[in-house]
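# A closer look at the structure
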Amino acid sequence: MTVTKGKSTTEKPSIKDKSSVKKPAKTAKSGKAKQVKPDELDTNSAVNQSTLEVVGSNHDCDPCETLAAKFKRQIHGSLCRDEHAINDMYSALASTVKNQLLNQWRETRLKDNQYQQKQVAYLSLEFLMGRSLGNALLSLDLTKETHEALAEYAADLESLQEAELDAGLGNGGLGRLAACFLDSCASLDLSVVGYGIRYEYGMFKQKLVDGYQVEQPDRWLREGNPWEVRMANHAITVPFFGHTETYVDPSGNRHYVWVDTQDVQAIPHDMPVPGFRNGRINTLRLWKAEATDDFDLAEFNDGDYTEAVARKNLAEQITMVLYPNDASENGKELRLRQQYFLSSASLQDILQRYTAVYGADFSQFSQRNVMQLNDTHPSIAVPELMRLLMDSYGLGWDEAWQVTTESMAYTNHTLLPEALERWPVRMLGNMLPRILDIIYEINARYLEHVAHHWPGDTHKLASMSIIEEGAHPHVRMAYLAIVASFSVNGVAGLHTQLLKQGLFKDFYSLWPHKFNNKTNGVTPRRWLVHCNPRLTQLINRRLGESWLTDLTQLTALNAFTDDKTFVKQWQQVKYDNKVELAKLVLDECEVAFEPNMMFDVQVKRIHEYKRQLLNILHVIHLYQRILSGDTKDLQPRCVLIGGKAAPGYAMAKQIIKLANNVAHMVNSDPIVSPYLRFAFLPNYNVSAMEKICPGTDLSEQISTAGKEASGTGNMKFMMNGAMTIGTFDGANIEMLEEVGEENFFLFGLRADEVSELKSHYNPHDFIQQSPALANVINMLKSGHFNLVEPGIFDSIIAAIEDPFDQWMIAADFEAYKQAQEKVSLAYADQQGWTQMSIRNTASSGRFSSDNTISAYRDDIWLAKQ
Ligand SMILES: *Cc1c(COP(=O)(O)O)cnc(C)c1O
């Protein structure tokens, strides 16, 4: 039995001999927890489902009934709803489709619970799923049927799709990667469960007020979520706080018990992840925190009802909100609670499933299970698995350590020091006392290994210790993850190389075999087929449809670059997509984009390392050229920037304000508008990107070299036939390798040049050598863009002129400007541009996440250790 106890528990832990401990774990509330069969899928649980769902879900398994009939029944079943309200129609359609896939979903789960193949758990604090409807219809091949089902209604499928709110359970690239991976895993017929958190509030909604970002809560569950199935009888108990006690059993073995814990219930909410037309439906299991029932009762018996309710809120706070920080950690206690909550609930779930088949024989565990940690966010799973194996299942340390280190794999996503997670020992010890004990023990044993490898080197012991000593000691989560994982991977070639040479150098020399690269990818289903139906049809007409599951087949498009008809058609597709993007920009920004102009786009989180500022400076440069009449060879452009800033990131927010002020000046001058238009798109998210990347001519991937681990936005644009202007960074390097330098606008310092320049960087040298940059900075200083808001851009100007500007804006400006001139010249030759566009799509096959996931499967998940 487990050792976690409810707060009210006062009795001493009972002493058990080891043999009686070898039973499948029950939750701390084992007396009351229902024993559930692992194959159960309680689709009838109505707790958070709409009236519509309950009425309509009774006969949905009839395979003969058409989708149209089911939809009609669903609509008519929604008694108090308006059958013409778009939102209600969307919900009815989504429920119909969800119900349609329940049988396949159940079958997949039954099969997987028998361990017919190795079970992969993808643990991630973020899953940036976006919308589900279009993707589900595509995967299940139901798009045509759905059109027919809607024929008799006023609303069309497109407007129903627009009614779906994004599942924005992530910040940016890392969370979207998890979503693309789930799609590829299902499509490759891999048994993978995504484990995450069901945040009540996802990524905030970005509004602009006077050009400033204003955050608004994202209540994405407001109207219910027709895709989720609440699995209340699979709830898991997660302990917090309390303290540890030890005792020695009659055979002399020491045991640890974590007592007086405050327990929180983790309720699974499952979302289907359909594979592409292969019958597999995987699961994204999102945990919701709820107070335990008897937790309340205990307080109530003490007579303190209001305290009980307040505590209930405290428990439910855990899954209330996604932390909106991309590439920086914030050290908040609630965030650690989220991480442990996810890790513990998921591992208990995995262990329950395993022991249901194999009992307490853990010799098979690592052959049957692997846990992939998406960054260090879930790395507290390492000591948690040790705890569960030892304290709940009675394994000894060595046995538990072997199981743990053979089943954990860690993906690193960043080299930025501000993003590396470190938890204060004091906070961790208070919240998770048993876990801290285990971390100390892991560290002690591991440091012996370090001492053996570097005899007498005390500096190494300190620098490599999982515990960072000092006045306020911290736990270095990345070190913990590396020590306990059999695989450590970076997310692009350069990134992995820099990890091995820099941040994790010593670990690499200790365990070179652990390190490997897995270049990121994106799913071609969402990022080409679903988002760009015009291009898909054009490709289908030439290549058939088999490229959908083997994107490398797109190289066959290279044969058509001299085919005049094909080039014309390709141009027409891009034009039509630009018309649609222009509509979005007009609606959202009130700026008129002209489809005959070049669409130059940079959308991603706002961060200094991504250098939106460099882009804005270039816009100012173009603006100055136009004002001075220097318009020769100047290709008319519409520049779009979009992205959210972390709410506490002042500089990023200033950059948004600058973009908006510059846009205002650019767009209000009729002399400028034939050549240049500039807009900042608010609330960039997945569904916006689905409209943006098909209509983009030029993709901006201009991070300071060495700072962008991989990038995935770059890949989506490439797939959709955009040209890239980019630095030698992240996956840009591999894109360049695939498509060739003649089809890519490369510029700027290399990573090694950036680090070399750092020690003697003087921005003023670069400003002096570039009259264009000097003019831009002078105009900024003159207050031209902030006439009624004096001084607001001083910090930005100072950052550019700062010799410690680690993003090296000034150093790369001139090269960037020149690369942009080459872009303009190239764009003037529309035929040549289109040929390059075709070559970009043709060369994008390597960046399908199917390819990435095949490599995870072969090298990490199924690799023999
Ligand atoms: C792809 C994607 C990202 C990642 O973009 P990068 O340019 O790689 O930083 C971020 N947010 C959303 C909504 C995306 O679709």
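Conventions and cut-offs
Residues numbered from 1 in each chain as written. Predicted model: local features only at pLDDT ≥ 70, side-chain atom pairs only at ≥ 80, totals over all residues. Heavy atoms only, no water. UniProt positions renumbered as here; feature names shortened; annotations may be inferred. Buried < 20%, exposed > 50% of the residue type's maximum accessible area, 1.4 Å probe, protein only. Helix = DSSP H or I, 4+ residues; strand = E, 2+ residues; numbered from the N terminus. Pairing = 2+ DSSP bridges. Right-handed = clockwise from strand over helix to strand, strands pointing away. Near = heavy atom within 4 Å. Polar contact = N/O pair within 3.5 Å; in protein donor to acceptor, adjacent residues only side chain to side chain. Areas by Shrake-Rupley, 256 points an atom, 1.4 Å probe, with all protein chains shown as cover. Nonpolar A, V, L, I, M, F, W, Y, C, P; charged D, E, K, R; others polar. Disulfide = S-S within 2.5 Å. Contact = heavy atoms within 4.5 Å. Axes fitted to C-alpha atoms, helices over the stretch in contact; angles between N-to-C directions. Core = buried A, V, L, I, M, F, W, Y, C linked by side-chain atoms within 4.5 Å.

An unreviewed UniProt entry annotates the protein as Alpha-1,4 glucan phosphorylase originating from Shewanella japonica. UniProt, in the comment section headed Catalytic activity (unreviewed entry), describes the protein in these words: "[(1->4)-alpha-D-glucosyl](n) + phosphate = [(1->4)-alpha-D-glucosyl](n-1) + alpha-D-glucose 1-phosphate". Per UniProt, the comment on the protein under Cofactor (unreviewed entry) is "pyridoxal 5'-phosphate".

### Some thoughts on the pairing of strand E24 (residues 723-726)
Going residue by residue along E24, you find Met723 and Ile725 tucked away on one face and Thr724 and Gly726 tucked away on the opposite face as well. Where strand E23 (residues 698-701) lies against E24, four bridges are found, and the strand directions are parallel. Bridge pairing in E24 links glutamate 700 to isoleucine 725. Chirality of the crossover, the property in question, places the unit of E23, helix H26 (residues 713-719) and E24 among those that are right-handed. With two bridges joining them, E24 and strand E25 (residues 745-746) adopt parallel strand pairing. Residue pairing in the sheet places glycine 726 in a bridge with leucine 746 of E25.

### Topic: the site of the ligand
Around the ligand there are 14 residues in total, and Lys604, Lys610, Thr712, Gly713 and Lys716 lie nearest to it. Lysine 610 is positioned such that a nitrogen or oxygen atom in its side chain is 2.7 Å from an oxygen atom of the ligand. A distance of 2.8 Å separates an oxygen atom of the ligand from a polar backbone atom of threonine 712. Coverage of the ligand by the protein chains reaches 96% of its 390 Å² of free accessible surface. Of the residues assigned to the shell around the ligand, the class counts are five nonpolar, six polar and three charged.

### Describing the state of the cysteines
One pass over the structure, following the stated rule, counts zero disulfides. Cysteine 589 forms no disulfide, and the closest cysteine sulfur to it belongs to cysteine 638, at a distance of 11 Å. Residue cysteine 589 is classed as buried on the basis of its relative accessible area, which comes to 17%. We note that cysteine 693 lacks a disulfide partner, and the nearest cysteine sulfur, in cysteine 531, lies 4.1 Å from it. Residue classification places cysteine 693 among the buried residues on the basis of a relative accessible area of 0%.

### Brief notes about helix H4 (residues 133-140)
An α-helical turn contains 3.6 residues, so any two residues separated by three or four positions project in the same direction. Burial within H4 is extensive, with eight of its eight residues counted as buried. Every buried residue of H4 is accounted for by Leu133, Gly134, Asn135, Ala136, Leu137, Leu138, Ser139 and Leu140. Immediately downstream of H4, the backbone of aspartate 141 shows phi near 60 degrees, a positive value.

### Concerning the side chain of arginine 353
Within the secondary structure, arginine 353 sits in helix H10 (residues 333-358). One polar contact links arginine 353 to asparagine 113, side chain to side chain, over a distance of 2.8 Å. Look past the residues within four positions of arginine 353 in its chain and what remains in contact with it is Asp112, Asn113, Tyr115 and Gln119.

### Observations regarding the sheet that holds strand E16 (residues 467-468)
Strand order in the open sheet made by the three strands is E15-E17-E16, with antiparallel pairing throughout. What marks the edges here is a single partner per strand, and that holds for strand E15 (422-424) and E16. As paired strands, E16 and strand E17 (residues 474-476) are joined by two bridges and run antiparallel to one another. Across the sheet, the residue bridging to isoleucine 467 is valine 475, located in E17. Contacting E15 and E17, helix H17 (residues 477-484) crosses the sheet at an angle of about 45 degrees to E17.

### Quick look at the nonpolar core
By size, the foremost hydrophobic cluster in this structure holds 144 residues, and its most contacted members are Phe240, Leu428, Tyr446, Phe507 and Trp861. Top contributing element to this core by residue count: H10, with 10 residues. In this view, phenylalanine 507 contacts Tyr446, Met464, Tyr479, Ile482, Val483 and Phe515; residues no more than four positions away in its chain are not counted. Residues Ala646, Ala652, Val666 and Leu749 belong to the second largest nonpolar core, which totals 70 residues.

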